[in-house]
Each structure stands twice: as C-alpha cells, then as structure tokens.
Amino acid sequence: MKRLILTAAVFFAVAACKTNPFTGKSTLNFYPNSQIFPMAFAQYDQFLNENKVITGTSEAEMITRVGQRIATAAERWLDANGYPGYLKDYKWEYNLVNDETVNAWCMPGGKIVFYTGILPIAESETGIAVVMGHEVAHALADHGAQRMSAGMVQQIGAVAGNVAIKDPEKRNMFNQAYGLGSTVGVMLPFSRSHETEADRIGLQIMAIAGYNPDEAAHLWRRMKAKAGGQAPPEFLSTHPSNDTRINNLTAWAPAAKQEAAKFGVTSFK
Ligand SMILES: [Zn+2]
C-alpha cells in the first residue's frame, strides 16, 4: 500500500511539474489554469456583487490604466522570452472597491481588486503600479496554485493513495489556499519566498510598463510607517514589511530598469 502511494505521488509529481517562465522554477502544480481560473472568476464576481465597485472616477480609471499597462508589460516580456500566448486564459479585470481597508489583491487569472483605503499610501500612479506589479506577480508566478498543490500533497498522505480529487474537495482546497472560505476576498499570507519572488517580478514588470521601480522601496517605507498607527494596514498582515524587503527592492531597481531598456523603455514616470 505504501508503495502504491509513493508511486502515485511520484507519477503526479512528474506529470504536474512545469517550469514557470517568471520564476524559472519547475514547481509542483496539480492544478492547471483550466481548473483554478473558473473558481477564481466565480469568487471574484461574488466579491464584486457584495461590495461597492467604484466606476467612472479618475481614481477608478487610474486603477484600470495601471492594470492594463502592467498586463501589457507582462505579455511583452513573455513574447520576448519565447512564451507567446502564455496568458491566453487570463481574463484581466481591475476594480476599485469603496472600502477603507488598506488592501489590494489579485486572484488567479488576473482578477484584481484595489480598496480605496490603499490609495493614500500608494500616493500616486507609480505607487499604485508598485502594488499592482507585486499582486499580478503572485498570479503570474502561480503562487496560489502552488499553495493548493501543497494542500493536495498533504491530502494524498491523509487519504492513503486516494488521489482522485472530487469537485467539492477541489473547491475546498481552493478556499483554503485563498482563505476564501468564510470571508470572500480575504487572502491568506504567502510565504516569505513567494513574497520575495513577487517583489522581484513585480519590479521588473512595473519598469517595463514605464513606472519608476525606485518607488517600490518608498512605498514599503510608507506602509511600514503606518504599521505603528491605530489601524495598521490590512495589507501588512499578508505582506509583512521589513528592512530586508526594502533593501532588496532598492538593490533590484537598477536591474529592473536595465530589463525595461531591452523593451525600449528608458524614462519612467
Ligand atoms: Zn505579496
């Protein structure tokens, strides 16, 4: 029986490993986009139905504009690196929600929400681009799918070789991975290595989109300064800020600009 479990696990590991172009890593991934995206899209629609979406204001338009530029930059980078059509299943959407919570997130497949509460800390379009780049990077790097896959590995152990995951179990795993079981839109924290990866990828994408990557360290300093206040930013509960993060972003900014130069982008807003 043990042997069977091992065989099943190895089979799935081999079958499900794929190299992510953004991280260059071959990661265990049981969940293809075709399985995760429909669940994410449904959760996203539910969230929008239950919250007040702002449209038609200059701020709402700014969120859309930054999102489109970030998405275009990601697609340009993929095209240039031999992955045309990699994001074909993405259905990009960028919404501003009227809520004082200091937060923003991106679900698999490019479903993004900014809360109005994060705008004062973002300060400018470039600050929005820092957050947008980072959140989109989590999606591009398949961090959510990896978390789901980790849950599946545990489950394989738990159910002794019964690797046939039924739909309700898959949904449950999705909810666990995204923390969406009870409160839709409340994301669980990613691991520190995923955070670092999203910082690095996000910085590159924002630079290719024409936004100054030097702003990233400034934004995290502002976020950190808010942490001691009466209402610490919700964003910090899933994105702990520390000096290492700020130092990394400062150190990586020149490389992000060099990457952008390959795409003819040499001046930044
Ligand atoms: Zn993050």
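What counts, and where the lines are drawn
- Residues numbered from 1 in each chain as written.
- Predicted model: local features only at pLDDT ≥ 70, side-chain atom pairs only at ≥ 80, totals over all residues.
- Heavy atoms only, no water.
- Buried < 20%, exposed > 50% of the residue type's maximum accessible area, 1.4 Å probe, protein only.
- Helix = DSSP H or I, 4+ residues; strand = E, 2+ residues; numbered from the N terminus.
- Pairing = 2+ DSSP bridges.
- Contact = heavy atoms within 4.5 Å.
- Axes fitted to C-alpha atoms, helices over the stretch in contact; angles between N-to-C directions.
- Phe/Tyr/Trp six-rings, centres within 6.5 Å; stacked < 30°, edge-to-face > 60°.
- Lys NZ or Arg CZ within 6 Å of the ring centre and 35° of its normal.

S.K.: What should I look at first to understand the pairing of strand E6 (residues 111–115) in this one?
M.R.: Remember that side chains alternate between the two faces of the sheet whenever the strand is regular. Of all 5 residues in E6, 5 are buried; the element is thus mostly enclosed. Residues Lys 111, Val 113 and Tyr 115 of E6 are buried on one face, and the alternating residues Ile 112 and Phe 114, pointing to the opposite face, are buried as well. For strand E4 (residues 93–97) and E6, the ladder comprises 5 bridges, and the chain directions are parallel. Looking at the pairing, Asn 95 lines up with Val 113 of E6. Across 4 bridges, the pairing between strand E5 (residues 104–107) and E6 is antiparallel. Residue pairing in the sheet places Ala 104 in a bridge with Phe 114 of E6. Adjacent in sequence and paired antiparallel, E5 and E6 are bridged by 3 residues, among which Gly 109 carries a positive phi angle near 85°.

S.K.: Would you take a moment to explain the sheet that holds E6 for this structure?
M.R.: Two modes of strand pairing occur in sheets, parallel and antiparallel, and in both the strands are linked by backbone hydrogen bonds. Strand order across the open sheet formed by 4 strands is E3-E4-E6-E5, with mixed pairing between neighbours. For this open sheet the edge positions go to strand E3 (53–54) and E5, each flanked by a neighbour on one side alone. Contacts from helix H2 (residues 33–50) reach E3, E4, E5 and E6 within the one sheet, and its direction differs from that of E6 by about 30°. Contacts between helix H5 (residues 125–140) and the sheet are confined to E4, E5 and E6, with E5 contributing the most and set at about 30° to the helix.

S.K.: Quick question: what am I supposed to make of the packing of aromatic side chains here?
M.R.: By convention here, two paired aromatic rings are described through the distance between centres and the angle between planes. What the rule picks out here adds up to 10 aromatic pairs. Between Tyr 44 and Trp 105 the ring centres are 6.1 Å apart and the planes differ by 85°, which places this aromatic pair in the edge-to-face class. Here Tyr 44 is found in helix H2, whereas its partner Trp 105 is found in strand E5, with 61 residues between them in sequence. Residue Tyr 44 shares its accessibility class with Trp 105, and that shared class is buried. Here a set of aromatic residues connected by ring pairs shows up, and it is made of Phe 37, Phe 41, Tyr 90, Trp 92 and Tyr 94. Here Arg 69 stacks its cationic end above the ring of Tyr 211, 4.5 Å away from the centre of that ring.

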